[in-house]
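Chain by chain, the residues run as shown.
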Amino acid sequence: QALEDQYSPSHWSPRLDRETIIDAHLAVTAAGTERARASAQTLLHVPYGHGDGEKLDIYFPTDPSETFPVLVYIHGGYWQCLSKDDSGFAAPPLVSQGVGVVAVGYDIAPKGHMDTMVLQVRRSLVFLVEQYPRIRGIYLCGHSAGAHLAAMVLSTDWTEFQAVPDIKGAVLVSGVYDLEPILHTYVNDALNMTWEVAQRNSPMRHITPAVPAACKVLVAVAQHDSPEFRRQSQEYTQALRAAGWSVSLLDLAGVDHFDVIEKLSEDSYVLTQV
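Per an unreviewed UniProt entry, the protein goes by the name KFA formamidase and belongs to Anthoscopus minutus.

Student: I'd love a proper account of the sheet that holds strand β1 (residues 41-47), names of residues and values included.
Tutor: Pairing between the strands of a sheet comes from backbone hydrogen bonds, and it takes one of two forms, parallel or antiparallel. The strand order across the open sheet formed by 8 strands is β1-β2-β4-β3-β5-β6-β7-β8, and the pairing between neighbours is mixed. Two strands in the sheet have a free side with no partner beyond their single neighbour: β1 and β8 (246-256). Neighbour-to-neighbour, the strand axes of the sheet open up by a mean angle of 20°, direction not taken into account. Here strand β5 (residues 135-143) runs beside strand β6 (residues 167-173); their pairing, made up of 6 bridges, is parallel. Residue pairing in the sheet places His143 in a bridge with Val173 of β6. Along the sheet, helix α5 (residues 145-154) makes contact with β3 (68-74), β5, β6 and β7 (216-224), crossing β5 at roughly 135°. Sheet contacts for helix α8 (residues 227-242): β6, β7 and β8; angle to β7, the most-contacted strand, approximately 160°.

Student: Any details on the environment of Val121? Residues and values, ideally.
Tutor: If you trace the backbone, Val121 turns up in helix α4 (residues 114-131). Under the relative-accessibility criterion, Val121 is labelled buried at 1%. The spacing of Val121 and Ser39 is 82 residues in sequence and 26 Å in space, taken between C-alpha atoms. Setting aside residues no more than four positions away along its own chain, Val121 makes contact with Ile74, Tyr106, Leu149 and Val153.

Cut-offs used in this document
The residue numbering used here restarts from 1 in each chain and proceeds along that chain's sequence as written. Only residues with pLDDT of at least 70 get local features here, since the model is predicted, and only at 80 or more are side-chain atom pairs given and counted; chain-wide, interface and lining totals rely on the full set of residues. As a convention, hydrogens and water are excluded, and side-chain values are obtained from all of the structure's heavy atoms. The pairing criterion for strands is at least two bridges between them, as found by DSSP. Elements are defined by DSSP. Helices are runs of H or I of four residues or more, strands are runs of E of two residues or more, and each kind is numbered from the N terminus. Between the N-to-C directions of two axes lies an angle of 0 to 180 degrees, each axis being a line fitted to C-alpha atoms and, for a helix, fitted only over the stretch in contact. We call two residues in contact whenever any of their non-hydrogen atoms come within 4.5 Å of each other. With a 1.4 Å probe rolled over the protein chains alone, any residue whose accessible area is under 20% of its type maximum counts as buried; one over 50% counts as exposed, and the rest are partly exposed.

So, in structure tokens, the structure goes:
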């Protein structure tokens, strides 16, 4: 039960009780995405593969230059809820500064298997590079389960793919980097992971030595994330640093597992500024 509580983010917020906080999060991200779609130039539901979930939404910069950087956002939801359709809320402050935003969809569980989700996110980046030569550098941003998927992207051997995305930075927010503890919680009911699957898909266990031009990584964690989420962020940061990566840990005061990412819709929020 203690482990279940540690991996129940709704258990730790002082703002709202655990019954209402997830509904509130869904409402905030959906409304923010609706605002973003109404105000930005978009291409929605762009297929990057043949699967139902293999689609992405593109929010173009308000005043795009010849080339522009792109923030690729990978949503959370414990690999089994949420979608790209709730994932455009961070676009307005960024598109106004000349940055494109791409919200990636993937096949969530129980339809999607962990191996499949990791591969889909990797393939979505290859698609972007091939289809949009105007992109000047990709910055990954993932929240919760999305931070896990973004971290798995950092450990990709791109020789298996047709293209190598120019990933300049990654912002990993309130993520899970070792899946082994998840096996022993309710979260795995839908995921149905074996020990081997968890090992194969744990970023903590697949840290590659940093190449000289490797991207910068920011690991962000909320003050009101659970001790386990905070421990995972700290240990993953230390492991990246030990492998020579340029990485920093940002501990965000006064936020929980949910508003730590919701506030990306605000210009003045510290993470938006970073």
